[in-house]
Amino acid sequence: MSTTTPDIQEINFNTDAATRDNVLITSLDKVLNWTRRSSVWPMTFGLACCAIEMMATGASNYDIDRFGSGPFRATPRQADLMIVAGTVSLKMAPRVKLLFEQMPEPKYVIAMGACTVSGGPYIKYGYHVLKGVDRLIPVDVYIPGCPPRPEALLEGLFRIQEKMKFERILDRERKNLKPALFVD
Amino acid sequence: MSMTPEEIANGLKERFGEKILETVLDTHDPYCLVEPQALADVALFCRDELGFNYLRCLSGVDYMDKKKTTDDLGVVYHLGAIPDASHLFCLKVRLSRENPVVPTVARIWPTADWHEREAWDLVGIVFEGHPNLTRILCAEDWEGHALRKDYTSPDTYHGIKNNVV
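Residues numbered from 1 in each chain as written. Chains lettered and ligands numbered in written order. Predicted model: local features only at pLDDT ≥ 70, side-chain atom pairs only at ≥ 80, totals over all residues. Heavy atoms only, no water.

1. Quick word on the sheet that holds strand S4 (residues 73-80) of chain B
All names here are of chain B.
Here's step 1: Strands sit in the order S1-S2-S5-S4-S3 across an open sheet of five strands; the sheet is mixed. The sheet is open, and its two borders are formed by strand S1 (20-24) and strand S3 (54-62), each paired with just one other strand. For this sheet the average axis-to-axis angle between neighbouring strands, irrespective of direction, equals 20°.
Here's step 2: Where S1 lies against strand S2 (residues 31-34), four bridges are found, and the strand directions are antiparallel. From the neighbouring strand, Thr23 faces S2, where its bridge partner is Cys32.
Here's step 3: Here helix H2 (residues 39-48) sits on the sheet in contact with S2, S4 and strand S5 (89-95), set at roughly 175° to S5. (Pairing = 2+ DSSP bridges. Helix = DSSP H or I, 4+ residues; strand = E, 2+ residues; numbered from the N terminus. Axes fitted to C-alpha atoms, helices over the stretch in contact; angles between N-to-C directions. Contact = heavy atoms within 4.5 Å.)

2. Some thoughts on unusual backbone geometry
Here's step 1: Here the residue pair Cys146(A) and Pro147(A) is connected by a cis peptide bond, since its omega of -15° sits within 30 degrees of zero.
Here's step 2: Mapped onto the elements, Pro147(A) comes out in the loop between strand S4 (141-143) and helix H6 (150-165).
Here's step 3: The omega angle of the peptide bond from Ile82(B) to Pro83(B) is 10°, so this bond is cis rather than trans.
Here's step 4: Along the chain, Pro83(B) turns up in the loop between S4 and S5.
Here's step 5: The residue Asp63(A) is not glycine, and still its phi comes out positive at about 55°.
Here's step 6: With respect to the helices, strands and loops of the structure, Asp63(A) is situated in the loop between helix H3 (50-58) and strand S2 (81-85).
Here's step 7: For Asp63(A), a relative accessible area of 24% corresponds to the partly exposed category. (Buried < 20%, exposed > 50% of the residue type's maximum accessible area, 1.4 Å probe, protein only.)

3. Considerations on the sheet that holds S2(A)
Residues and elements named next belong to chain A.
Here's step 1: Pairing is parallel across the open sheet formed by four strands, whose spatial order is S1-S2-S3-S4. At either margin of the open sheet sits one strand with a lone partner, and together these are strand S1 (42-43) and S4.
Here's step 2: Pairing of strand S3 (residues 108-112) with S4 involves three bridges; the strand directions are parallel. Paired with Ile110 across the two strands is Val141, which belongs to S4.

4. Considering the packing of helix H1 (residues 5-16) of chain B against H2(B)
Residues and elements named next belong to chain B.
Here's step 1: Between H1 and H2, the shortest axis-to-axis distance is 11 Å and the interhelical angle comes to 130°. It follows from the interaxial angle that H1 and H2 lie oblique. As H1 packs across H2, the resulting crossing turns out to be right-handed. On H2, the residues that touch Gly11, Leu12, Arg15 and Phe16 of H1 are Asp41, Val42, Phe45 and Cys46. (Parallel < 35°, antiparallel > 145°, perpendicular 65-115°, else oblique. Left-handed = near helix turned anticlockwise from the far one by under 90°.)

5. Focus on the interface of chain B and chain A
Here's step 1: In this assembly, 18 residues from chain B lie in contact with 14 residues from chain A.
Here's step 2: Carbon and sulfur atoms supply 64% of the area buried between chain B and chain A, which totals about 1400 Å² over both sides.
Here's step 3: Of all residues in chain B, Ile160(B), Lys161(B) and Asn162(B) give up the largest surface area on contact with chain A, accounting jointly for 39% of the area buried on that side.
Here's step 4: The interface formed by chain B and chain A holds two residue pairs in polar contact (both at pLDDT 80 or more) in total. (Buried area = accessible area lost by both parts, 1.4 Å probe. Polar contact = N/O pair within 3.5 Å; in protein donor to acceptor, adjacent residues only side chain to side chain.)

6. Some remarks on the confidence of the model for chain B
Here's step 1: Per-residue pLDDT for chain B averages 90, and the proportion of residues at 70 or more is 99%.
Here's step 2: At the level of chain-chain contacts, confidence expressed as ipTM amounts to 0.75, with global pTM at 0.78. (pLDDT = per-residue confidence, 0-100.)

7. Considerations on the side chain of Asn33(A)
Here's step 1: Along the polypeptide, Asn33(A) turns up in helix H2 (residues 28-38).
Here's step 2: With sequence-adjacent residues up to four places away left out, Asn33(A) is seen in contact with Met164(A), Lys165(A), Phe166(A) and Glu167(A).

8. A short note on the pattern of salt bridges
Note that side chains of opposite charge can pair when their charged atoms are close.
All names here are of chain B.
Here's step 1: All told, the structure shown has ten salt bridges over all chains when counted by the stated rule.
Here's step 2: Here Asp150 and Arg97 are joined by a salt bridge, their closest N and O atoms 3.2 Å apart. Of this pair, Asp150 sits in the loop between strand S7 (126-128) and strand S8 (156-157) while Arg97 sits in the loop between S5 and strand S6 (101-103), and the two are 53 residues apart along the sequence.
Here's step 3: Assessed through its relative accessible area of 46%, Asp150 is described here as partly exposed.
Here's step 4: Its relative accessible area of 10% is what places Arg97 among the buried residues.
Here's step 5: Here Asp121 makes a salt bridge to Arg135, at a shortest N to O gap of 2.6 Å. Linking Asp121 in helix H3 (residues 112-122) with Arg135 in the loop between S7 and S8, this pair joins segments that are 14 residues apart in sequence. (Salt bridge = Lys/Arg side-chain N within 4 Å of Asp/Glu carboxyl O.)

The following block contains the structure:
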């Protein structure tokens, strides 16, 4: 009996039982989006007290690993998701922007907590606080709270994953990467 | 060798006379107001003769009030001793807003090094003779001194718009 692999044209997709049970047909977009949202790697980037909640989200009680987002990377080059967790001071702001620029595309940003959303309690008298990280980098999901509970951060992650679900490879160029309030 | 605040104040007045401008003892933290230029000598005397081997805190103060009756700046030195925790006293200086200069005590109590940098950074007090008087909290290119009462926050920083819309 010959053991050579059959020529591709010889396979009958409709009738060959072994093929029918082992081949899935789907679109490339779906597969890519599925893989991407199943392994969102966040960057280890805690700036203030929100980072404590972010750590709690990573720890065993809330266990962000269940949703494929466990490995917090210590370098922006390996990360897909930047969770800006905490007060961004003006001294830190240029570094935040640099780290964001070093992340490979496609990249996503969660603004976690009142400070990163709007400046929070520092909005009026905080001379040193950036009044919302969206002045610096484009933000995908805002999570209010001071600090938000781990459940809220998980919900934010789900929203990011939901967003990834419907992306198309043909319009990969992300909308407007330049935040509205940043001037060169 | 715990001393009462009266004994400490009398010791200072005996040694420095008119350099001690004011003495207030019936408050929570008894203090002497010292002439700024004599501060380093007074501090050294406190450490070597009065047993204050520890600087508990150094604070920069802006005394400007709402009615603008005064716009002085000041520095408050909380002195302490180890191991005698009840041996406490306080020194103060008042400085003019235009020329807030006071001799450093960083060589007398090394802990004053960073405290003085902070007082320079946020209140803008110049510590004459400090080994490295640079900003410690704000960015190096920050303009102004943020905890002065007449300070206004910048609208932009490195091109980042930071005004409250």
